[in-house]
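# Structural overview for review
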Amino acid sequence: MKKRYILLSFGLVVAISVLFVVKKEIVDANTIPSVIRPSAVFAAVPQGAVLYDNVDGNAVNLILSGEKVEILKDRNEKWYYVRYKNRLGWVKNTALSIPPDMSTNTSKLSDKVILDYANSSLESKTSHFVWVDIDRQRVYILKGENGKRSIEKRIVCATGHNTSPTVRGLFEISDRGKWFYSERLGSGAMYWVRFNGSYLFHSVAMDKDKKITDDVLGRKRSSGCVRMSVEDAEWFFNNIETGTGVWIY
């Protein structure tokens, strides 16, 4: 009994610690204009589920049948990191009913909405700021000092399917490279730029010989990365500096 109590206590501490980190990455929803719609993915839990502190880790809580969880990220589509009420943890894919991808919002944001929000709320260590609008499958490149930014470029993109969603929140550009290929995914891309762990900006999907295998943009299509055309990915690679702020919503 004592061992189980220690285990659950440890799991709760881990969950609270992770919750604090994740909350710091999320922009205050009260400051976001209503025309900018959230793109969180919510999955049903038909038969209930166990919430774990890690992949193949320790049980820290139970999710009741009929509840819903917000999917934050996935691990090979076999495990999902979720938010359940005020708790965070990992759930097996077999416990979730994930909805199909929503169609892309075709209404464009006006320059005024983009600039008013960016100039009042978004910060960056460089002269650029990158805003990924999952709802519209667009990347807005903003340039200038905080409070005096302009729109430098709008890019059509393809973010992650609901089964492998693009992580949402505030991030920062780090390292980059001109080519990668994943044997696990059976796919590669050019001009990758990292913004959070294994999540990258990069070109459309390619095979080992750098031939394009999927050029679809403008709707959810990837395993979590943000895809762009080869030309836009090259521009992004060459122009967006390390340390640039990224907001994905």
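Look a little higher up for the structure.
So, here's what we can say about the structure.

Rules and cut-offs
Residues numbered from 1 in each chain as written. Predicted model: local features only at pLDDT ≥ 70, side-chain atom pairs only at ≥ 80, totals over all residues. Heavy atoms only, no water. Helix = DSSP H or I, 4+ residues; strand = E, 2+ residues; numbered from the N terminus. Contact = heavy atoms within 4.5 Å. Salt bridge = Lys/Arg side-chain N within 4 Å of Asp/Glu carboxyl O. Buried < 20%, exposed > 50% of the residue type's maximum accessible area, 1.4 Å probe, protein only. Core = buried A, V, L, I, M, F, W, Y, C linked by side-chain atoms within 4.5 Å. Pairing = 2+ DSSP bridges. Axes fitted to C-alpha atoms, helices over the stretch in contact; angles between N-to-C directions. Phe/Tyr/Trp six-rings, centres within 6.5 Å; stacked < 30°, edge-to-face > 60°. Lys NZ or Arg CZ within 6 Å of the ring centre and 35° of its normal. 1 Å grid on protein atoms, 1.4 Å probe; cavity = no way out; pocket = protein on both sides within 12 Å on 5 of 7 lines; lining within 4 Å. Points joined across faces, edges and corners; volume = space filled by probe spheres on them. Nonpolar A, V, L, I, M, F, W, Y, C, P; charged D, E, K, R; others polar. Polar contact = N/O pair within 3.5 Å; in protein donor to acceptor, adjacent residues only side chain to side chain.

## Comments concerning the environment of Asn-61
Mapped onto the secondary structure, Asn-61 falls in strand β3 (residues 59-63). Between the alpha carbons of Asn-61 and Val-50 there is a distance of 6.1 Å; along the sequence they are 11 residues apart. The contacts of Asn-61, once residues within four sequence positions are left out, are Ala-49, Val-50, Leu-51 and Arg-87.

## As for the pattern of salt bridges
All chains considered together, the criterion is met by 14 salt bridges. Notably, a salt bridge pairs Asp-135 with Arg-37, separated by 3.1 Å at the nearest N-O pair. Here the residue Asp-135 occupies a position in the loop between β7 (128-133) and β8 (138-143), and Arg-37 occupies one in the loop between α1 (2-25) and β1 (41-45), the gap between them amounting to 98 residues. Its relative accessible area of 11% is what places Asp-135 among the buried residues. Looking at Arg-37, the relative accessible area reads 42%, which means it is partly exposed.

## Section: the nonpolar core
Val-130, Phe-195, Phe-201 and Phe-236 are the most contacted members of the largest nonpolar core, which totals 28 residues. Counting residues per element, the ones that place at least two in this core are β7, β8, β12 (187-196), β13 (199-203), β16 (226-228), α3 (230-239) and β17 (245-248). Among the elements that take part in this core, α3 stands out by supplying five residues, more than any other. Phe-201 has contacts with Val-130, Val-132, Ile-173, Tyr-191, Trp-192, Val-193, Phe-195, Val-226, Met-228, Phe-236 and Val-246, leaving out every residue within four places of it along the chain. Counting residues in hydrophobic clusters, the runner-up holds 15 residues, among them Ala-43, Val-45, Val-60 and Tyr-80.

## As for the sheet that holds β8
If you walk across this open sheet you meet the five strands as β9-β8-β7-β17-β10, and the pairing is mixed. Only two strands of the sheet have a single partner each, and these edge strands are β9 (150-156) and β10 (169-172). On average, adjacent strands in this sheet sit at an angle of 20° to one another, irrespective of strand direction. With four bridges connecting them, β7 and β17 associate as parallel partners.

## Some thoughts on the packing of aromatic side chains
Given two aromatic rings, their pairing is described by the distance between the two centres and the angle made by the two planes. For the structure on display, the rule yields 12 aromatic pairs. Ring geometry for Phe-195 against Phe-201: centres 5.0 Å apart, planes inclined by 55°, an arrangement best described as tilted. As far as burial versus exposure is concerned, Phe-195 and Phe-201 are alike and both buried. Among the aromatic residues, those joined into a ring-pair cluster are Tyr-117, Trp-131, Tyr-140, Trp-247 and Tyr-249. Over the ring of Tyr-81 we find Lys-73, and its NZ or CZ is 5.6 Å from the ring centre. Of note, Lys-153 hangs over the ring of Trp-235, and the distance from its end group to the ring centre comes to 5.2 Å.

## Section: the pairing of strand β2 (residues 49-52)
Where β2 meets β3, four bridges bridge the pair, whose relative direction is antiparallel. Looking at the pairing, Leu-51 lines up with Asn-61 of β3.

## Remarks on the layout of surface pockets
In this structure, the largest pocket encloses a volume near 670 Å³. Looking at the largest pocket, it is lined by 29 residues, and the ones nearest its centre are Arg-184, Leu-185, Ser-198, Ser-223 and Cys-225. Looking at the lining of the largest pocket, the elements with two or more residues in it are β4 (67-75), β11 (176-182), β12 and β13. When residues in the lining of the largest pocket are grouped by element, the largest group, six residues, is from β12. A breakdown of the residues in the lining of the largest pocket according to their chemical character gives nine nonpolar, 12 polar and eight charged.

## Let's talk about empty space enclosed by the protein
Sizing a probe to match a water molecule and rolling it over the atoms shows the empty space that remains. Going through the model one piece at a time under the given rule, you end up with three cavities of 30 Å³ or more. Its volume calculated, the largest cavity comes out at about 60 Å³. In terms of residue class, the lining of the largest cavity is built from six nonpolar, three polar and two charged.

## Focus on the side chain of Ser-203
You can see Ser-203 is positioned in strand β13. The buried category is assigned to Ser-203, whose relative accessible area is 0%. Among the polar contacts made by the side chain of Ser-203, one reaches the main-chain amide nitrogen of Met-190 at a distance of 2.8 Å. Contact partners of Ser-203, with chain neighbours within four places excluded, come to Ala-189, Met-190, Tyr-191, Arg-227, Met-228, Ser-229, Val-230 and Ala-233.

## Here's the deal with the environment of Arg-37
With 212 residues separating them in the primary sequence, Arg-37 and Tyr-249 have C-alpha atoms 8.0 Å apart. Residues within four places of Arg-37 in sequence aside, it is in contact with Asn-105, Asp-135 and Tyr-249.

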